[in-house]
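# Descriptive analysis of the structure
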Amino acid sequence: AFPRFFFISDDELLSVLGTSDVTSIQEHMLKLFDNCAELIFARNNRIVKGMVSAEGESFEFRTVVNVEGAVETWMTAVSIEMKVTLRAIMKESVFYYPKHQRLKWMDMSLGMCCQTGIKVWWTWEIEDVFNRVRLGDKNAMKTYGSKLKTEVN
């Protein structure tokens with residue numbers, strides 16, 4: 001069973017289960033996945049290769065999902081692949097944060113990855129500043145504040 005089907009009404013569930021058109025799931029995507037407006041189908045709707053958010057942000061799966069068998073089976077595979085892919089994208093985004101200018105990095109990354117990456121690096125940088133202050137660098141906080149101001153401007 002696909003647990004996310006509990007988020008749609010009985011009539012909507014019957015419309016999904018009672019058709020051979022795999023794209024009929026599209027109209028219910030926002031109810032099944034938080035902020036996912038649609039799936040990206042390919043090869044005559046025989047594979048799912050990614051997702052698109054309500055804002056139009058999209059990502060492609062690392063491994064495409066075959067649309068075979070019962071809808072709950074391949075939708076479970078979509079859910080699993082979404083998690084695997086987003087985890088990899090998040091790790092890459094956090095890794096590339098210090099290697100690019102902030103605006104360029106933000107253009108390269110998904111919105112949620114930007115939010116998370118910035119927070120991960122900010123936490124590390126603040127810890128580093130406190131360690132430098134503890135070791136005697138009394139200007140460490142001011143220096144870091146200037147760096148942040150430069151990045152925002």
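Residues numbered from 1 in each chain as written. Predicted model: local features only at pLDDT ≥ 70, side-chain atom pairs only at ≥ 80, totals over all residues. Heavy atoms only, no water.

### Some remarks on the layout of surface pockets
Note the cut-off: The way it works is a 1 Å grid over only the protein atoms, where trapped points that fit a 1.4 Å probe form a cavity and open points with protein on both sides within 12 Å along at least five of seven lines form a pocket, and then any residue with an atom within 4 Å of a point lines it. Grid points are joined across faces, edges and corners, and a volume is the space filled by probe spheres set on the points. Numbering of helices and strands starts at the N terminus; helices are DSSP runs of H or I of at least 4 residues and strands are runs of E of at least 2. Gly counts as polar in this scheme, as do all residues outside two lists: the nonpolar Ala, Val, Leu, Ile, Met, Phe, Trp, Tyr, Cys and Pro, and the charged Asp, Glu, Lys and Arg.
Its boundaries defined by the atoms lining it, the largest pocket holds a volume of some 270 Å³. Surrounding the largest pocket, 13 residues form its lining, Asp34, Asn35, Ser53, Phe59 and Met112 being those nearest its centre. Of all elements in the fold, only strand E2 (47–53) and helix H3 (71–96) reach the threshold of two or more residues within the lining of the largest pocket. With 3 residues, E2 is the largest single contributor of residues to the lining of the largest pocket. A breakdown of the residues in the lining of the largest pocket according to their chemical character gives 9 nonpolar, 2 polar and 2 charged. Volume-wise, the second largest pocket comes out at about 230 Å³. Forming the walls of the second largest pocket are Tyr97, Pro98, His100, Gln101, Arg102, Leu103, Trp121, Glu125, Lys147, Thr150 and Glu151. For the lining of the second largest pocket, the elements supplying multiple residues, two or more each, are helix H4 (102–108), helix H5 (111–134) and helix H6 (140–152). No other element matches the 3 residues that H6 contributes to the lining of the second largest pocket. Counted by class, the lining of the second largest pocket contains 4 nonpolar, 3 polar and 4 charged residues.

### As for the environment of Phe5
Put simply, the test is: Here a residue-residue contact requires only that any non-hydrogen atoms of the pair lie within 4.5 Å.
Of note, Phe5 is situated in the segment before helix H1 (10–17). In this structure, the C-alpha to C-alpha distance between Phe5 and Val16, residues 11 residues apart in sequence, is 9.7 Å. Residues within four places of Phe5 in sequence aside, it is in contact with Leu13, Val16, Leu17, Ile25, Leu32, Val71 and Glu72.

### Comments concerning the sheet that holds strand E1 (residues 36–42)
Just so we agree on the cut-off: By definition, two strands form a pair when at least two bridges between them are found by DSSP. Note on geometry: axes are lines fitted to C-alpha atoms, helical ones only across the stretch in contact, with angles between N-to-C directions running from 0 to 180 degrees.
Within the open sheet, the 3 strands sit side by side as E1-E2-E3. Their pairing is antiparallel. The strands lining the two open edges of the sheet, one partner per strand, are E1 and strand E3 (58–66). Sheet twist, expressed as the average angle between the axes of neighbouring strands with direction ignored, equals 25°. When E1 meets E2, the two strands line up antiparallel, connected through 6 bridges. Note on E2: the bridge partner recorded for Cys36 is Ser53. Taken strand by strand, H3 contacts E1, E2 and E3, and its axis lies near 135° from that of E3.

### Side note on the side chain of Ser93
Here is the rule we go by: Whenever a nitrogen or oxygen atom comes within 3.5 Å of another N or O atom, the pair is scored as a polar contact, on the condition that within protein one atom can donate a hydrogen and the other can accept it, and that pairs from neighbouring residues in sequence are kept only if both atoms are in side chains.
Mapped onto the fold, Ser93 is located in helix H3. Side chain to side chain, Ser93 and Ser109 meet in a polar contact 3.1 Å long.

### Digging into the pattern of salt bridges
Rules: Between Lys or Arg on one side and Asp or Glu on the other, a salt bridge is scored when a side-chain nitrogen of the former is within 4 Å of a carboxyl oxygen of the latter. The rule is simple: take the accessible area with a 1.4 Å probe, protein chains only, and divide by the maximum for that residue type; under 20% is buried, over 50% is exposed, in between is partly exposed.
Counted by the stated rule, this structure contains 5 salt bridges. With a shortest N-O distance of 2.3 Å, Lys31 and Glu12 are connected by a salt bridge. One end of the pair, Lys31, is in helix H2 (residues 29–32); the other, Glu12, is in helix H1, with 19 residues separating them in the sequence. Lys31 sits in the partly exposed class, given a relative accessible area of 42%. In this structure, Glu125 and Lys147 form a salt bridge, with 2.9 Å as the shortest nitrogen-oxygen distance. Highlighted residues: Glu125 in helix H5 and Lys147 in helix H6, separated in sequence by 22 residues. Its relative accessible area of 11% is what places Glu125 among the buried residues. Owing to a relative accessible area of 35%, Lys147 belongs among the partly exposed residues under this scheme.

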